[in-house]
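Coordinate inspection notes
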Amino acid sequence: MTGGIMTNRTLKAGVLVTVALGLCWGPQALAQDDPFAALRADMIETIAEHARSAASATGRAHLSPQIMETMHTVPRHAFLGRNTLSPRPLAQLAYADRPVPIGHGQTISQPFIVALMTDLLAPEPDHVVLEIGSGSGYQAAVLSGLVDKVCTIEIIPELGKTAAKAWSRQGYANIEARIGDGYYGWEACGPFDGIVVTAAAGHIPPPLVRQLKPGGRMVIPVGGAFVTQQLVLVEKDSAGQVTTRQLLPVAFVPLVRGAP
Amino acid sequence: MTQPKRVPPSILSAVFAISFAVLAYQVLLMRLFAIVQWHHFAYMAISIALLGFGASGTFLFLARAWIQRRFAAAFVVNALFFGISGLAGFALAQHLPFNPLEVVWRPTQLLYLLAFYALFTVPFFAGANCIGLTFQRYAHVIGRVYAVNLVGSGLGALGMIAALMVLAPQDILKGVAALGVAAAAGAALRLARHRGWVAVAVVMGAALVLVLPPSWLAPVMSPYKSLSMALNVPGAQVIAERSSPLSLLSVVQSPTVPFRHAPGLSLLNQTEPPAQLGIFADGGGPMPITAFSGDLDALGYLGYTTSALPYHLLSDPEVLVLGAGGGADVLQALYHGAHAVDAVELDPGVVRLVQDTHRTFAGDLYGRPDVRVHVADARAFVTASSATWDLIQIPLLDSFAAGAAGVHGLSESYVYTLEAFETYLSRLKPGGYLAVTRWLKLPPRDSLKLFATALRALTRQGVTEPAGRIAMVRGWNTVTILVRAADIAPADVDVIRAFAARRAFDLAYAPGMKPEEANRFNILQEPYFHQATQALVGAKRERFLNAYKFDIRPATDDRPYFFDFFRWRSLGEFLALRSVGGAGMIEWGYPVLFATLVQATVLSAALILLPLWLRRRPVRSSVGTGRVMVYFTCLGLAFMFVEIAFIQRFILFLGHPVYAVAVVLAGFLVFAGMGSAIAPRFAAWAEAWMATRVKRGPVRALGPTGWAAGLVACGVLVYQAALPGVFAVAWDLGGGGRIALSLALIAPLAFFMGMPFPLGLGRVNAHAPRLVAWAWGVNGCFSVIGAIGATILAVHFGFGLVIAAAALLYALAGVVGVTARAGGGESANKR
């Protein structure tokens, strides 16, 4: 009985993976027998759909194919920490289009928000990126596949340790992590082409602005634990001038159509 | 079943104790829910109480014969059960993984909510059973029982507020439970048999209450509240705690990772904020207490927030800070060379923390000769004061998370109303400024509502060009709006431009500003703030207000819901977009309350109709179930409408919401209790008077019930018209005098409001005794619907309409009461 279900599920996953491979990008890392591949393919499809619907707000109808490809390979379920769920519900939760609690009042962000924030950073293979608030470790894992080096700082020791274990188990070698106060950034690791501040911030620490290279970008999600209300993008131009850009992750016009 | 002639004192005392305990428990739960979850969950305590009361009415109606044969035993068991389940329910609820924030993503969370309800309904059901049982048994002398019930409830609410002033909520839980056990002991005196067993049960109940470890009753705060998150940081710890009826204040020291709280700080700021202690109110915040040595240079960062703007337009100003909190805005005033600062703070606990507990840390900020601290409601302080200032500063007090979730949506605020703005403007020295700072929300809401309020306030003061007196700047997460009592000169606009440019802030609105000046540093998809403010100062203002997807019409004293931006027609769009951030745009206050109303109505319908359906054969009575239903529905709704509207009317006069709730609630319940005790005598006197003086006509036809209800209906309208005048004259009375006057004002109205219920119930008892518990249940259900409905009505139409509706409902009750009386009278004669 159990064997029958297993075979059935593997078969279904196999078909979906094949379809996904054909339709999408055909990432090499994707193993035929990865039980999560189908769920990840669905997740990518949902992200693409959100990106299209929010295009007018974010200014981009498609997210970078490299980011989609990377998110297709990163095992999000491995970053859910000490979750007591059994594998199947865990996987469904991990790849669902929603944030998931990881303990300590923190969440692993919704896949679309992770994708959008990564896209706003405009990562390049030679970039060095700083992350303030490692949390689950998932954002760093996604960045790891896109840039040269990720430096990440977490305040809560337990979270930092769990994330570090997940990175080493999954073989993310270009992530440097430490536990501590993110306010002063990580001068020794920088300067940075991109900075993600996922920790709640009442203001943007000046040392972070200083450690951003000219032409660099910083992304800050604003909102509560379960809802990202807006994203703040800080850009430093080649002359060192700083501007911010505020984006809603959603296409919403505050005025009724046709109004003054 | 024969009905005993009088109510034994032991039963009256037991009813008093249980009434006291049930209302105290409800007030306590409101406090505890606000600590454990969020402010808007306090409403849940009301609907949970409803469920318990309604279920009890149904239960007693169905089990009447069986349970009345065991009256004393049933009372004892229920009172004991109230005490034990009140404690156990709370202890168990702390282990439920209920997370309201996750409901959007995981609807199964609603099952935990259901369990939460179930746990807390039990004690209310048991407590209500005790009261309902007594009503049933002593229905022919209902006036006395009802009087004791009302006085007990009133003192329960008052007692709880007093207890919260000295004890922490979790410590009071045991006291409330102990009252239940005491009520059980009182009722046990009436037992004929099994006294020994009952004595053992009561002693065991008391022992259980005493030995239950306090740690089981400690409220477990949601891990997503700011305090829980702050305490996750290594080394962070609570170093002081103060509990009051207003809030639970926790002071956190976080040496490893300092707070550095400075909302809206410019990206160009280079000064790190000094060490801070964080004050968290009910786990939300923090409000910082900043370490201050007297060295103003260390406060340089305070010059880099949007709220610093007015100081660049004034020199050596006298400043009024409305909502001083931990003192950040007082420091900002001193940093900018303020000559004197009046700091008004509502919560005396916060002031004591800065003034006493952490005096040295705060550099004796509130003890400086140039800083005067006033513990008062901001609006009441300004209204009562005759002083004038160069700057009235209303800083950012609520945390972004609270503002973002819209949890304040339905908390009344008299600080941001149209009338408040008019008062502030009248207290400015020539050339002075009013400055208000809010979080920047996208799409913009509160900042635009403030702008619209300022415009209208200026217009109402006869200013023909109000647009020349307002300016608005925005940073990346705060907005500050300036209103001047005179035109803002072009030179001053240049100062505003320079201030903004040097800090990478944007001009949203300033007299004479060009469109290309907007949206330069903090770039939005569209220059929303500039477009909206331009629309508001233009000719199509009304069209814009109507077409905007959030409600940004100014709040008024009659409709004091500044934080409510909800519009039904936008809900569908938000929900459709919820998985991509749309959920963050819904202002949850109103929908949550509306859902509570729907749920209360559905539950009430079930609880009221179920017993009638279950009994199958119709309840035969000469008074008619329909009339009983209408009569007690009207009373339930109207009593709460009056009570809630009066609490609102008295907030400004008494200067503090807690005083208003305590004085109005206790006043209404206690004086209504007296009226209810007098009701039978009033009825007899009225009948006798009419028999001798009035032979026929409407006055005679009305009868005592109609008289009482009619008097209340008229009284309510008179009060509505006269109160503002009385308040205006009585401002100078001082705190104690105002409380005494308030009670004197409430007394006559409440006295007569206490009469229709017992008079009606007495009549029901005479003609359809089975319906007594049912009628009580109807009244209970509609009291709760009335409490929620009053707020919903006020959000839409203002409190004036709530009062008018109450008068209408009392009049309707009077008419229905008369008809019932005529029918009942005939039937009684036939018998």
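Please refer to the structure placed before this passage.
This is a predicted model, so every value here is computed, not measured.

1. Some words on the overall build of chain A
- Regarding its fold elements, chain A presents nine helices and nine strands.
- Considering chain A as a whole, with its 260 residues, one finds that 55% of them fall into the buried category.

2. Notes on the packing of aromatic side chains
- Following the criterion strictly, the structure yields 47 aromatic pairs over all chains and no others.
- Judged by centre distance (5.4 Å) and plane angle (80°), the ring pair of B:Phe135 and B:Trp776 falls under edge-to-face. Separated by 641 residues along the polypeptide, B:Phe135 in helix α5 (residues 109–137) and B:Trp776 in helix α26 (residues 771–797) bring together distant segments of the chain. For the pair shown, B:Phe135 and B:Trp776 are each scored as buried.
- Note on B:Phe639 and B:Phe668: the rings are 6.3 Å apart at their centroids and 70° apart in plane angle, and the pair reads as edge-to-face. Of this pair, B:Phe639 sits in helix α21 (residues 625–654) while B:Phe668 sits in helix α22 (residues 657–693), and the two are 29 residues apart along the sequence. Here B:Phe639 matches B:Phe668 in class, with each residue buried.
- Three or more aromatic residues joined by ring pairs make a cluster, and in this case those are B:Phe53, B:Phe135, B:Tyr146, B:Tyr631, B:Phe632, B:Phe757 and B:Trp776.
- In this structure, A:Arg178 is placed above the aromatic ring of A:Trp186, and the distance from its NZ or CZ to the ring centre is 4.9 Å.

3. Things to note about the pairing of strand β4 (residues 284–290) of chain B
Residues and elements named next belong to chain B.
- Taken across its seven residues, β4 has six buried, putting it largely inside the fold.
- Here strand β3 (residues 276–281) pairs with β4 via five bridges, running antiparallel. Its bridge partner being in β4, leucine 277 is matched across the sheet by isoleucine 289.
- In sequence, β3 turns back onto β4 through a hairpin of two residues, with aspartate 282 there showing a positive phi of about 50°.

4. Focus on α5(B)
- Here α5(B) contains 29 residues, and its C-alpha end-to-end distance of 42 Å stays within 8% of the 42 Å for a straight helix at 1.5 Å per residue.
- Where α5(B) bends most, the angle comes to about 30°, and this point is B:Thr121, followed within four residues by the proline B:Pro123.

5. Structural notes on the interface of chain A and chain B
- Chain A puts 53 residues into the contact, and the matching count from chain B is 56 residues.
- In total, about 4800 Å² of surface goes out of reach between chain A and chain B, with carbon and sulfur atoms giving 64% of it.
- Where chain A meets chain B, there are one salt bridge.
- As a salt-bridge pair, A:Asp181 and B:Arg260 come within 2.6 Å of each other at their nearest N and O atoms.
- Summed over the shared surface of chain A and chain B, the result is ten residue pairs in polar contact (both at pLDDT 80 or more).

6. A closer look at a nonpolar patch on the surface
Residues and elements named next belong to chain B.
- A cluster of nonpolar residues, Leu62, Leu610, Trp613 and Leu614, forms a patch on the protein surface that exposes about 380 Å² of accessible area.
- The biggest single contributor to the nonpolar patch is helix α20 (residues 589–614), with three residues.
- Checked against the element boundaries, tryptophan 613 lands in helix α20.
- The class of tryptophan 613 is exposed, set by a relative accessible area of 55%.

7. What about the sheet that holds strand β11 (residues 478–484) of chain B?
Residues and elements named next belong to chain B.
- Ordered by their spatial adjacency, eight strands build an open sheet running β7-β6-β5-β8-β9-β11-β10-β12, and the pairing between neighbours is mixed. The outermost strands of the open sheet, each flanked by one partner alone, are β7 (371–375) and β12 (506–509). Looking at each pair of strands side by side, their axes are set apart by 20° on average, direction ignored.
- Looking at chain direction, strand β10 (residues 470–474) and β12 are connected through three bridges and run antiparallel. Note on β12: the bridge partner recorded for methionine 472 is tyrosine 509.

8. Quick notes on the pairing of β7(B)
All names here are of chain B.
- Here five bridges tie strand β6 (residues 340–345) to β7, and the two strands are oriented parallel to one another. Each bridged residue has a counterpart across the sheet, and for alanine 343 the counterpart in β7 is valine 373.
- At this point the chain moves from β6, through helix α11 (residues 348–357), to the parallel β7, and the crossover so formed is right-handed.

9. What about unusual backbone geometry?
- The residue after A:Gly190, namely A:Pro191, is reached through a cis peptide bond having omega -5°.
- Its location among the elements puts A:Pro191 in the loop between β5 (175–179) and β6 (192–197).
- In this structure, the amide linkage connecting B:Leu442 to the following residue, B:Pro443, adopts the cis form with an omega of -15°.
- Following the sequence through the fold, B:Pro443 ends up in the loop between β9 (428–439) and α15 (446–460).

10. Focus: the sheet that holds β3(B)
All names here are of chain B.
- Taken together, four strands build an open sheet; the order of strands is β1-β2-β3-β4 and the sheet is antiparallel. With one partner strand each, in any of the chains shown, β1 (237–243) and β4 form the two edges of the open sheet. Across this sheet, the average inter-strand angle for adjacent strands is 25°, counted without regard to direction.
- Two strands pair when backbone bridges link them, and β1 and strand β2 (residues 248–253) are joined in this way by six bridges, in the antiparallel orientation. Following the sheet pairing, serine 243 is matched in β2 by leucine 248.
- Along the sheet, α11 contacts β1, β2, β3 and β4; its crossing angle with β1, the most-contacted strand, is approximately 125°.

11. Focus on the pattern of salt bridges
Residue and element names in this part refer to chain B.
- Under the criterion given, the structure shown has 24 salt bridges over all chains.
- Taking the shortest distance from any N to any O, the salt bridge between glutamate 422 and arginine 460 comes out at 2.5 Å. With a gap of 38 residues between them, glutamate 422 in helix α14 (residues 418–426) and arginine 460 in helix α15 connect regions that are remote in the sequence.
- According to the relative accessible area criterion, glutamate 422 is buried, its value standing at 17%.
- By relative accessible area, which is 47% here, arginine 460 ends up partly exposed.
- In this structure, the salt-bridge partner of arginine 497 is aspartate 494, at a minimum N-O distance of 2.7 Å. Remark: aspartate 494 and arginine 497 occur in helix α16 (residues 490–502); sequence separation between them is three residues, near one turn of the helix.
- For arginine 497, a relative accessible area of 24% translates into the label partly exposed.
- Looking at aspartate 494, the relative accessible area reads 44%, which means it is partly exposed.

12. With respect to the nonpolar core
Residues and elements named next belong to chain B.
- Phe632, Phe646 and Phe650 are the most contacted members of the largest nonpolar core, which has 156 residues in total.
- In terms of residue count, the dominant contributor to this core is α21 (20 residues).
- Every residue in contact with phenylalanine 650, bar those within four places of it in the chain, is listed here: Gly655, Ala660, Val664, Leu723, Phe727, Ser742, Leu745 and Ile746.
- Among the nonpolar cores identified, the runner-up in size contains 61 residues, and Ile392, Leu428, Leu440 and Ile552 belong to it.

13. Digging into the packing of helix α4 (residues 71–93) of chain B against helix α7 (residues 169–188) of chain B
All names here are of chain B.
- One can describe the packing of α4 onto α7 by two numbers: an axis separation of 8 Å at closest approach and a directional angle of 170°. By the angle between their directions, the pair α4 and α7 is classed as roughly antiparallel. Taking contact as the criterion, the partners of Ala72, Phe75, Val76, Ala79, Leu80, Phe82, Gly83, Gly86, Leu87 and Phe90 in α4 are, on α7, Leu173, Lys174, Val176, Ala177, Gly180, Val181, Ala183, Ala184, Ala187 and Ala188.
- Among the residues forming the contact of α4 with α7, the class breakdown is 16 nonpolar, three polar and one charged.

Cut-offs used in this document
Residues numbered from 1 in each chain as written. Chains lettered and ligands numbered in written order. Predicted model: local features only at pLDDT ≥ 70, side-chain atom pairs only at ≥ 80, totals over all residues. Heavy atoms only, no water. Helix = DSSP H or I, 4+ residues; strand = E, 2+ residues; numbered from the N terminus. Buried < 20%, exposed > 50% of the residue type's maximum accessible area, 1.4 Å probe, protein only. Phe/Tyr/Trp six-rings, centres within 6.5 Å; stacked < 30°, edge-to-face > 60°. Lys NZ or Arg CZ within 6 Å of the ring centre and 35° of its normal. Pairing = 2+ DSSP bridges. Expected span 1.5 Å × (residues − 1). Bend = angle between axes of the 7 residues up to and from the residue. Contact = heavy atoms within 4.5 Å. Buried area = accessible area lost by both parts, 1.4 Å probe. Salt bridge = Lys/Arg side-chain N within 4 Å of Asp/Glu carboxyl O. Polar contact = N/O pair within 3.5 Å; in protein donor to acceptor, adjacent residues only side chain to side chain. Patch = residues over 30% accessible without salt bridge, like charges linked within 9 Å, V, L, I, M, F, W, Y side chains within 5 Å. Areas by Shrake-Rupley, 256 points an atom, 1.4 Å probe, with all protein chains shown as cover. Axes fitted to C-alpha atoms, helices over the stretch in contact; angles between N-to-C directions. Right-handed = clockwise from strand over helix to strand, strands pointing away. Core = buried A, V, L, I, M, F, W, Y, C linked by side-chain atoms within 4.5 Å. Parallel < 35°, antiparallel > 145°, perpendicular 65-115°, else oblique. Nonpolar A, V, L, I, M, F, W, Y, C, P; charged D, E, K, R; others polar.

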